[in-house]
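# Coordinate analysis (summary)
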Amino acid sequence: MMRRAWLSPGLLLAAPVLFFAAFFLAPLAVVALASATGGPDGLTPTAAQYMKVLADQYHWDVILVTFRLALFTTLACLALGYPLAWYLVRVVRWQAWRRACVILLVVPLFTSNIVRAFGWMVLLGRNGLVNQGLMATGAVDRPMRFIGTELGILIGMVYVLLPFVVLAVGNALARVDPACEQASADLGASPAATFLHVTWPLTLPGVVSGAIIVFTLAVSAYVTPALLSGGRVTVLSMLIFQQYSTVFDFHYGGALSMVLLVFTLILVALANRAATLPGAAR
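What counts and what doesn't
Residues numbered from 1 in each chain as written. Predicted model: local features only at pLDDT ≥ 70, side-chain atom pairs only at ≥ 80, totals over all residues. Heavy atoms only, no water. UniProt positions renumbered as here; feature names shortened; annotations may be inferred. Helix = DSSP H or I, 4+ residues; strand = E, 2+ residues; numbered from the N terminus. Buried < 20%, exposed > 50% of the residue type's maximum accessible area, 1.4 Å probe, protein only. Axes fitted to C-alpha atoms, helices over the stretch in contact; angles between N-to-C directions. Parallel < 35°, antiparallel > 145°, perpendicular 65-115°, else oblique. Left-handed = near helix turned anticlockwise from the far one by under 90°. Contact = heavy atoms within 4.5 Å. Nonpolar A, V, L, I, M, F, W, Y, C, P; charged D, E, K, R; others polar. Patch = residues over 30% accessible without salt bridge, like charges linked within 9 Å, V, L, I, M, F, W, Y side chains within 5 Å. Areas by Shrake-Rupley, 256 points an atom, 1.4 Å probe, with all protein chains shown as cover. Salt bridge = Lys/Arg side-chain N within 4 Å of Asp/Glu carboxyl O. Expected span 1.5 Å × (residues − 1). Bend = angle between axes of the 7 residues up to and from the residue. Core = buried A, V, L, I, M, F, W, Y, C linked by side-chain atoms within 4.5 Å. pLDDT = per-residue confidence, 0-100. Phe/Tyr/Trp six-rings, centres within 6.5 Å; stacked < 30°, edge-to-face > 60°.

Per an unreviewed UniProt entry, the protein chain is named Spermidine/putrescine transport system permease protein PotB, and its organism is Achromobacter insuavis. Comment text from UniProt for the protein chain, heading Sequence similarities (unreviewed entry), reads "Belongs to the binding-protein-dependent transport system permease family. CysTW subfamily." As its UniProt record puts it under Subcellular location (unreviewed entry), the protein chain is described as follows: "Cell membrane".

What follows is the structure in structure tokens.
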């Protein structure tokens, strides 16, 4: 009986561990190996690919654009997602309307990113609905150029990734005990002070998790930046795709991939560390 008790967890974990190793660790190892090899036979250990990436100003410009877009996307999603999550959890009392709002929020996730990106290409075009609305209200005198700019890419990525923040923050808000906020109010704290010292710290794990999800998805996004860039803005995912699908330089593509992965992990670790420091939630 004791032997069966020990074997059961192992059997339950065997399938997911094998799946993880076969479809994540093995491909990652292949990419890492390709990035650190080269030469005529393609198997000679070398750091030439990394030097090619890190010693070129063009690559640093692309890295800067990639992470700047990911950061702005994350901040915009947090700025829009937190109030929306608050509205759904704290303001809406009619359950049917809340369910309808959640459905409207989640349904776009079942649509291909390609379809949504083409939709934004139409909306943000020179004669699109966005420019027509801006000109009709007198906000601009002539159509603005969104396609081929970082602003256009930012709009598209915020639309795609906003639900992840709303769901994460909404779940955190739903777990906050109203008695804690009521106790703060009973002790004389203003609504703003109650939010800053009670609600915000209690929802910070949801904010951090939502921000990490959005940042990692934004920094590795390909479809939305590729379609909305108009060939004028380049991010790392586009360079990686080009090397693997067009140039077939797997060593160079592997180095780009590993640089993107390492930089992303470093920034996510720093953000997670900053969020857990004493006083970070105050």
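From this point, the discussion proceeds with the structure in view.
Across its full length, the protein chain holds twelve helices and two strands. Each helix and strand of the protein chain, ordered N terminal to C terminal, gives the series α-β-β-α-α-α-α-α-α-α-α-α-α-α. If you line up the protein chain on its principal axes, its C-alpha atoms span 75 × 75 × 35 Å. In the protein chain, which comprises 282 residues, the share counted as buried stands at 35%.

This brings us to the UniProt feature "transmembrane region" (unreviewed entry) in the protein chain. When the UniProt feature table is mapped to this numbering, "transmembrane region" (unreviewed entry) covers residues 58-89, 101-123, 151-174, 207-230 and 250-272. Structurally, residues 101-123 is divided into 74% helix and 0% strand, and its ends, taken at the C-alpha atoms, are 23 Å apart.

Note: most residues except glycine have negative phi, and most peptide bonds are trans. Look at phenylalanine 248: it is not a glycine, yet its phi comes out positive at around 60°. Its place among the elements puts phenylalanine 248 in the loop between helix 11 (236-247) and helix 12 (250-276). Accessibility expressed as a relative area gives 53% for phenylalanine 248, which makes it exposed.

At their nearest, the axes of helix 3 (residues 57-91) and helix 9 (residues 191-219) sit 9 Å apart, and the two run at 140° to each other. With respect to helix 9, the axis of helix 3 lies oblique. When the axes of helix 3 and helix 9 are compared, the crossing they make is right-handed. For the pair helix 3 and helix 9, the contacting residues are Thr66, Phe67, Ala70, Leu71, Thr73, Thr74, Cys77, Leu78, Tyr82 and Trp86 in the first and Phe195, Thr199, Trp200, Thr203, Val207, Ala211, Val214, Phe215, Ala218 and Val219 in the second. Split by residue class, the contact of helix 3 with helix 9 holds 15 nonpolar, five polar and no charged.

Another point: a nonpolar patch on the surface. Residues Tyr87, Val91, Trp94 and Trp97 make up a contiguous nonpolar surface patch of roughly 450 Å² in combined accessible area. By secondary structure assignment, the location of tyrosine 87 is in helix 3.

With that out of the way, let us pick up the UniProt feature "domain: ABC transmembrane type-1" (unreviewed entry) in the protein chain. Under the UniProt annotation, the feature "domain: ABC transmembrane type-1" (unreviewed entry) is placed at residues 63-271. From the first C-alpha to the last, residues 63-271 spans 18 Å; its make-up is 78% helix and 0% strand.

Moving on, we come to the pattern of salt bridges. Inspection of every chain in the model, using the stated rule, returns two salt bridges. Here arginine 68 and glutamate 150 are joined by a salt bridge, their closest N and O atoms 2.6 Å apart. Of this pair, arginine 68 sits in helix 3 while glutamate 150 is found in helix 7 (residues 150-175), placing the two residues 82 residues apart along the sequence. The partly exposed category is assigned to arginine 68, whose relative accessible area is 27%.

Now for the environment of isoleucine 147. Structurally, the position occupied by isoleucine 147 is in the loop between helix 6 (129-136) and helix 7. Taking the C-alpha atoms as reference points, isoleucine 147 and isoleucine 213, separated by 66 residues in sequence, lie 25 Å from one another.

Moving on to helix 7. Under the 1.5 Å per step criterion, the end-to-end length of helix 7 is 36 Å for 26 residues, consistent within 8% with the ideal 38 Å. Of all bends in helix 7, the biggest is about 40°, found at leucine 161, and the proline proline 163 comes one to four residues later.

For the rest of this paragraph, the subject is the nonpolar core. Residues Leu69, Cys77, Val169, Leu236 and Leu256 are the most contacted members of the largest nonpolar core, which totals 49 residues. Elements with a minimum of two residues in this core: helix 3, helix 4 (95-106), helix 7, helix 9, helix 11 and helix 12. Broken down by element, this core gets its largest block of residues, eleven residues, from helix 7. Those residues within four positions of cysteine 77 in sequence are excluded, and the remaining contacts are Tyr82, Val158, Leu161, Leu162, Val165 and Val214.

Residues of the protein chain with pLDDT of at least 70 account for 95%, and the chain-wide mean is 89. By mean pLDDT, the top-scoring element of the protein chain is helix 3 (95), and the lowest-scoring one is helix 1 (residues 2-35) (80).

Scanning the entire structure with this criterion turns up twelve aromatic pairs. Taken together, a centroid distance of 5.0 Å and an interplanar angle of 25° make the contact between phenylalanine 20 and phenylalanine 24 stacked. Of this pair, phenylalanine 20 and phenylalanine 24 both sit in helix 1, four residues apart, which is roughly one turn of the helix. For phenylalanine 20, a relative accessible area of 44% puts it in the partly exposed group. You can call phenylalanine 24 partly exposed: its relative accessible area is 44%.

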